[in-house]
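This is what each chain is made of:
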Amino acid sequence: MTRSVQSRFLAMVALAFSVIVVPLFALFLNLATDRASRELQQNLEVLIEANAQALAKPLWDFDTESVEQITATIVSNSSVNSVRVEDLSGGIKVSRPALPRWSKNGLANLSREIFYQAVEGPKPVGKITLYYSRIDMFSSLRQAEVMLIGIFALAVLGTVCAAVFGHRLMVMRPLLKLTAAIEATRRLGSRHHVDWQSNDEIGRLARSFNAMQIKLENEEAELRLAHRRTTDVYNLTPAMLFSLDDEDRITGVSDYWLLATGYHRREVVGRRFVELVPDDDQEAYQELRNTRSDSGVLEATTRFVCADGTIKDVLISETTRDGETADERISLSVMTDVTALKQSEARNRLQAITDHLTGLKNRKGFELSLDAQILRTDAAGDELACLFVDLDRFKWINDNLGHQAGDDVLARFVKQMLPLLPAGATAARLGGDEFAILLRAHDAEASALDVAASLCALFADPMIIEGSTVRLSASIGIAIYPRHAQNAAELLQKSDMAMYSKKRDGKNGAVVYDPSMQDHTRHRAELEQDIEEALEHDWLEAYLQPIIDMTSGRVTGYEALMRLVHPERGIMPPAEIIAVAEETGAIGRLGGRVLERAVSNLARISAETEDDQTYLAINFSPQQFDRSLPVRIAALIGEYGIAPHRIVIEITEATLLHDNPQIRLILDEFSRFGYRLALDDFGTGYSSLSYLNRFPVDIVKIDQSFIRSLTEDDPEQRHKSRMLVEGITAISHKMQCSVVAEGIETEEQRSILSGFGVDYGQGYLFARPQPLSALLDAARKNRTHPRKVSAG
């Protein structure tokens, strides 16, 4: 390095000398030579001119001696090497000297014609020629100039030597020291300083280098401290830390990792991590390592073999990023023991798919099992039966004996059911009193029917629950995969359809799915759509059926009956509409619309007949009973100017059955507002008579089934029915309740009921439920006979 810098400096000096000094010296010599040449030329021209005039006379006179004397005089001049004179006739030819000095630069000549001034004018008489040496650069220099050149050369040489010495002293010496410090730092690994002080650039460079060395020493000390702290943190952190290279080899592990796994550092560093994973999980682990996210973060759960052979479930969180080179990768992984968490998750997963009351699978667990069973069924080429079991009359147990009793019934049923199931069967509680059973067999239908018969036989004897005798039954629907369904959801749905079909057909038994059952489901969906469209497009009407005074035949009231008038299918059966609306929750909106229409119709009829005493009987579903109902009715009748006593609220046994305090509070509110209460379908329930005592009933309506039995062909049944109707009438009167007989269709029935003292009658004998327009027409026709009612 030193020789290279020195040589480059000398080369620069030589280059500067050759570029600046040499051209100047050459220019100086050239100018001196040119000056000397001009001076010599001028001298020779003067000399030859003067001697040409001097030789004119001797040549004219042919005076050879004078010519030679003049020629000798000319040759004596140091600048002339040779002279030659000759006349025009050739008689005189003088050359001095005979052998001239030959110059190393060669000879040059200068000639002149010689003219003699005669009387006639100038006459040419001869010619003179001078030979002289050419002047070179150095021969033309004067002594002063030579001294000047010498002084200049000494100055240049001194300057060069001073520059070289100064460069050596002021540049090379500190540079060598700086180089030595750098080499020592490189070889020895310690920071060496430069021993040089000056106020020039080299001094600043040395000070900057020493400051840099000091800063690097401090930074290295900080890095060593940070590395020591990082290593301490790495080893003391209570987490299993380790690092991997690109080939999955372990490059470092923390002390806590070694403590938790039982390995020694020398046993694991350099090994591939996959070697510490059980053989069964190695392929899955390799796949997980290939699923790294874009951020370079990998999270994988696998099993890990400890030094003592125990296997743990571990969660590995690995973060990687590329280093400064393409082949370098920085990796840090945290391994967490999640064995206890995995076990807890397994327990939670089991709890999530298990019914806590019965220990069977719940709906979620059943759906998972159903998917798995379908795959096994496809693989084996068998059939899979799904039994949908619903316990009949279970709701009565919950409502009357309490939910604890209901839970007891479910637990006892499951305990008796499990021994009846064949091996490999799956049972689940889907919710409430609904159960599902999966049976896989070559002839799944036969096996399912056998199991269903065994389950139904469980309820042959009544259950004793908390001292009460309870009779239950089971409605079971059966669907077969792949005969009836192509997937799990369809299989469960069709077994559910079959179960509901059995419930509609009388409950207590099993039925296999038939495609015709889907027609009922489709019909149900159409009814739901019809209800929504009716509410949206106002297809609902309130038909009114007159209620007649049995003595006078006068109309005393009307029962409002809902009718859905479809624009294409006409009037639809109200019973189906109401049942579906109660199940879907649309009964509130539907009942509210019909109530408003019925009150409006009563106001129209009252205005037409000028009768402000006829009442309006309105049926309400139990779902419609809420605290705001009495107020809403009051607002509605106030709008139409109808007195509260003209509103009769008809309630059924289903409404009163549970003796709900909320229902009782609403009934009391009805009475406070001045509405009257009618007990509908009286005589069909288990405790109808007690309702007359427990609730503020004003009117009792005898169920039409008793009215039809009054004229039965069987004398014994006819006799019993008449006794019941007569007894109900007497008891109701004793309780200060009016009696209305429903479903009167013949004069014989009317006569019998009149004989029993029934107050009012309702039925086709008097009038069918009619729209407002028909009632208004009838009122106009019978305006002259207000006490007569037209049948029909």
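Residues numbered from 1 in each chain as written. Predicted model: local features only at pLDDT ≥ 70, side-chain atom pairs only at ≥ 80, totals over all residues. Heavy atoms only, no water.

1. What to know about the overall build of the chain
Reasoning step 1: A count of helical and extended segments in the chain gives 24 helices and 25 strands.
Reasoning step 2: Taken over C-alpha atoms, the radius of gyration comes to 67 Å for the chain, far larger than the 28 Å a tight globule of 792 residues would show.
Reasoning step 3: Projected onto its principal axes, the C-alpha coordinates of the chain cover approximately 210 × 85 × 60 Å.
Reasoning step 4: Residue burial in the chain is summarised as follows: out of 792 residues, 40% are buried.
Reasoning step 5: Of the contacts formed within the chain by residues at least 6 apart in sequence, a portion of 61% connects residues at least 24 apart.
Reasoning step 6: On the chain, roughly 43300 Å² of surface is accessible, and the fraction owed to carbon and sulfur atoms is 53%.
Reasoning step 7: When the 87 basic and 110 acidic side-chain charges of the chain are each reduced to a single mean position, those positions are 8 Å apart. (Helix = DSSP H or I, 4+ residues; strand = E, 2+ residues; numbered from the N terminus. Rg over C-alpha atoms; globule rule 2.2 N^0.38 Å. Buried < 20%, exposed > 50% of the residue type's maximum accessible area, 1.4 Å probe, protein only. Contact = heavy atoms within 4.5 Å. Areas by Shrake-Rupley, 256 points an atom, 1.4 Å probe, with all protein chains shown as cover. Lys, Arg positive; Asp, Glu negative; His and termini not counted. Charge placed at Lys NZ, Arg CZ, Asp CG, Glu CD.)

2. Comments concerning the nonpolar core
Reasoning step 1: If you look at the biggest cluster of nonpolar residues, it comprises 71 residues, and the most contacted ones within it are L590, I633, I649 and F670.
Reasoning step 2: When residues in this core are grouped by element, the largest group, eight residues, is from helix α16 (residues 587-609).
Reasoning step 3: Sequence-distant contacts of F670, that is, excluding residues within four places in its chain, are made with F625, L629, P630, I633, I649, Y675 and L677.
Reasoning step 4: In terms of nonpolar packing, the next biggest core, distinct from the first, is built from 34 residues, A448, L472, I476 and I478 among them. (Core = buried A, V, L, I, M, F, W, Y, C linked by side-chain atoms within 4.5 Å.)

3. Points about the pattern of salt bridges
Reasoning step 1: The tally for this structure, following the rule as stated, stands at 31 salt bridges.
Reasoning step 2: Where R672 meets E669, a salt bridge forms, and the shortest distance between an N and an O atom there is 3.0 Å. Of this pair, R672 and E669 both sit in helix α19 (residues 661-673), three residues apart, roughly one helical turn.
Reasoning step 3: Judged by relative accessible area, R672 falls into the exposed class, the value being 59%. (Salt bridge = Lys/Arg side-chain N within 4 Å of Asp/Glu carboxyl O.)

4. Considering empty space enclosed by the protein
Reasoning step 1: As enumerated under the stated definition, the model contains one cavity of 30 Å³ or more in all.
Reasoning step 2: The space that makes up the largest cavity amounts to roughly 50 Å³.
Reasoning step 3: As for the largest cavity, its lining consists of P174, L175, L178, V194, W196, I202, L205 and A206.
Reasoning step 4: Every element with two or more residues in the lining of the largest cavity is listed here: α3 (143-188) and α4 (201-236).
Reasoning step 5: Tallied by class, residues from the lining of the largest cavity come to eight nonpolar, no polar and no charged. (1 Å grid on protein atoms, 1.4 Å probe; cavity = no way out; pocket = protein on both sides within 12 Å on 5 of 7 lines; lining within 4 Å. Points joined across faces, edges and corners; volume = space filled by probe spheres on them. Nonpolar A, V, L, I, M, F, W, Y, C, P; charged D, E, K, R; others polar.)

5. Looking at the packing of aromatic side chains
Reasoning step 1: Counting across every chain of the model gives 13 aromatic pairs.
Reasoning step 2: Note on Y263 and F304: the rings are 6.4 Å apart at their centroids and 80° apart in plane angle, and the pair reads as edge-to-face. Within this pair, whereas Y263 is found in the loop between α5 (255-261) and α6 (265-268), its partner F304 is found in strand β7 (residues 297-305), the two being separated by 41 residues in sequence.
Reasoning step 3: The exposure class assigned to Y263 is buried, which follows from its relative accessible area of 12%.
Reasoning step 4: Taken together through their ring pairs, the aromatic side chains of F242, W257, Y263, F273, Y285 and F304 make up a single cluster.
Reasoning step 5: Looking at R768, its charged tip hangs above the ring of Y764, at a distance of 4.0 Å from the centre. (Phe/Tyr/Trp six-rings, centres within 6.5 Å; stacked < 30°, edge-to-face > 60°. Lys NZ or Arg CZ within 6 Å of the ring centre and 35° of its normal.)

6. Quick notes on the environment of S454
Reasoning step 1: Turning to its location among the elements, S454 is positioned in helix α12 (residues 444-457).
Reasoning step 2: Sequence spacing of S454 and V739 is 285 residues, and the spatial spacing of their C-alpha atoms is 49 Å.

7. Overview of helix α9 (residues 363-380)
Reasoning step 1: Helix length check: α9, at 18 residues, gives a terminal C-alpha distance of 25 Å against a target of 26 Å (1.5 Å per residue), a fit within 8%.
Reasoning step 2: Residues of α9 that are buried include every one of G365, F366, S369, L370, Q373, I374 and T377, and no others.
Reasoning step 3: Looking at the buried residues of α9, the elements they touch are β10 (383-392), β11 (426-431), β12 (434-441), β15 (473-481) and α13 (488-504).
Reasoning step 4: The N-terminus of α9 is capped by N362, whose side-chain oxygen sits 3.2 Å from the backbone nitrogen of K364. (Expected span 1.5 Å × (residues − 1). Polar contact = N/O pair within 3.5 Å; in protein donor to acceptor, adjacent residues only side chain to side chain.)

8. Describing the sheet that holds β15
Reasoning step 1: Spatial ordering of the open sheet is given by β11-β12-β10-β15-β16, a layout of five strands whose pairing is mixed. Either end of the sheet is taken by a strand with one partner, and the two such strands are β11 and β16 (509-512). Going from strand to strand, the sheet's axes swing by 20° on average, the running direction of each strand aside.
Reasoning step 2: Bridge count for β10 against β12 is eight bridges, and the pairing is antiparallel. Residue pairing across strands places E383 opposite A441, the latter belonging to β12. (Pairing = 2+ DSSP bridges. Axes fitted to C-alpha atoms, helices over the stretch in contact; angles between N-to-C directions.)

9. Topic: the sheet that holds strand β4 (residues 121-133)
Reasoning step 1: Read across the sheet, four strands follow the order β2-β1-β4-β3 without closing on themselves; strand pairing throughout is antiparallel. Both edges of this open sheet fall to β2 (93-96) and β3 (107-118), since each of them pairs with a single strand only. For this sheet, the mean angle separating the axes of adjacent strands, direction not counted, is 15°.
Reasoning step 2: Its contacts with the sheet put helix α2 (residues 64-75) on β1 (82-87), β2 and β4, and the angle it makes with β2 is roughly 25°.

10. Observations concerning the pairing of strand β18 (residues 555-566)
Reasoning step 1: The buried fraction of β18 is high, at eleven of twelve residues.
Reasoning step 2: Bridge count between strand β17 (residues 540-549) and β18: nine bridges; the pairing is antiparallel. Looking at the pairing, A542 lines up with M562 of β18.
Reasoning step 3: Relative to strand β20 (residues 615-619), β18 is paired through four bridges, and the arrangement is parallel. The residue of β20 that forms the bridge with Y558 is L616.
Reasoning step 4: Where β18 and strand β19 (residues 570-572) come together, three bridges link them in antiparallel fashion. Pairing of L564 across the sheet is with M572, part of β19.
Reasoning step 5: Joining the antiparallel neighbours β18 and β19 is a turn of three residues.

11. A few points about the side chain of S721
Reasoning step 1: The topology assignment puts S721 in helix α22 (residues 715-734).
Reasoning step 2: S721 gets classed as buried once you look at its relative accessible area, which sits at 7%.
Reasoning step 3: If we ignore the near neighbours within four places in the chain, the residues touching S721 are F706, S709 and L710.

12. Here we look at the pairing of strand β23 (residues 699-702)
Reasoning step 1: Side chains I699 and K701 project from β23 onto one buried face, and the interleaved V700 and I702 project onto a second face that is buried too.
Reasoning step 2: Relative to β23, strand β22 (residues 676-682) runs parallel, the two sharing three bridges. For L679, the partnering residue across the bridge sits in β23 and is V700.
Reasoning step 3: Pairing analysis gives four bridges linking β23 to strand β24 (residues 738-742), with the strands arranged parallel. Bridged to K701 within β24 is V740.

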